[in-house]
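Survey of secondary and tertiary structure
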Amino acid sequence: MAQVTLGKFFSGVPQKRKSDGDSKKIYEHKRKRGFIDSWSKNFDGLQDSSDGMICINCKKFPNIAGPSSFISGNKSYRIDGIRSHFSSPKHLQCSEAYFAAQRRDNGRSN
Ligand SMILES: [Zn+2]
């Protein structure tokens with residue numbers, strides 16, 4: 001097999017770096033905060049509002065959820081914040097209560 005010496009390998013790497021002014025601008029643009037539509041599909045109950053992201057499951061049961069930024073509106077628009085809310089025990093309790101209430105309502109209307 002061909003032998004590649006480290007010296008040869010490193011000499012092939014371009015050492016010049018462009019000023020990062022432009023690339024930083026692009027980076028900031030991509031990171032523009034806002035609600036992503038797929039989030040409401042991936043996270044059942046998540047909605048956007050003028051106050052920020054809200055979780056309608058928890059909003060319906062504030063006594064179970066307790067104080068939460070996803071009831072008053074969460075403006076971080078960060079996926080890790082959403083993930084941690086949607087895996088929190090209080091959110092899961094609210095979701096259960098919400099689905100139980102929906103089942104009750106459906107039963108009543110029949
Ligand atoms: Zn929730």
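Before any of the text, the structure's been laid out above.
Residues numbered from 1 in each chain as written. Predicted model: local features only at pLDDT ≥ 70, side-chain atom pairs only at ≥ 80, totals over all residues. Heavy atoms only, no water.

Some details on the packing of aromatic side chains
In the structure shown here, the tally under the stated rule is three aromatic pairs. On the basis of an interplanar angle of 55 degrees and a centroid distance of 5.8 Å, the ring pair of Tyr98 and Phe99 is categorised as tilted. Judged by relative accessible area, Tyr98 falls into the buried class, the value being 14%. (Phe/Tyr/Trp six-rings, centres within 6.5 Å; stacked < 30°, edge-to-face > 60°. Buried < 20%, exposed > 50% of the residue type's maximum accessible area, 1.4 Å probe, protein only.)

Considering the coordination of the zinc ion
Coordination sphere of the zinc ion, protein contribution only: Cys55 (SG), Cys58 (SG), His85 (NE2) and His91 (ND1), at 2.0 to 2.3 Å. Each of the four donor atoms around the zinc ion contributes to a set of angles spanning 105 to 114 degrees, which defines the coordination as tetrahedral. (Donors = N, O, S within 2.8 Å, 3.2 Å for Na, K, Ca; no water. Tetrahedral: all angles 85-135°; square planar, octahedral: opposite > 155°, others 65-115°.)

Focus on the side chain of Ser95
With respect to the helices, strands and loops of the structure, Ser95 is situated in helix 8 (residues 89-109). Assessed through its relative accessible area of 9%, Ser95 is described here as buried. Within the structure, Ser95 has its side chain in polar contact with the side chain of Asn57 (distance 3.0 Å). (Helix = DSSP H or I, 4+ residues; strand = E, 2+ residues; numbered from the N terminus. Polar contact = N/O pair within 3.5 Å; in protein donor to acceptor, adjacent residues only side chain to side chain.)

Section: helix 7 (residues 79-86)
Taken as a whole, helix 7 has its buried residues at Ile82, His85 and Phe86. Here the buried residues of helix 7 occupy an arc of 90 degrees about the axis, which is enough to place them on one side. (Arc of directions from axis to C-beta.)

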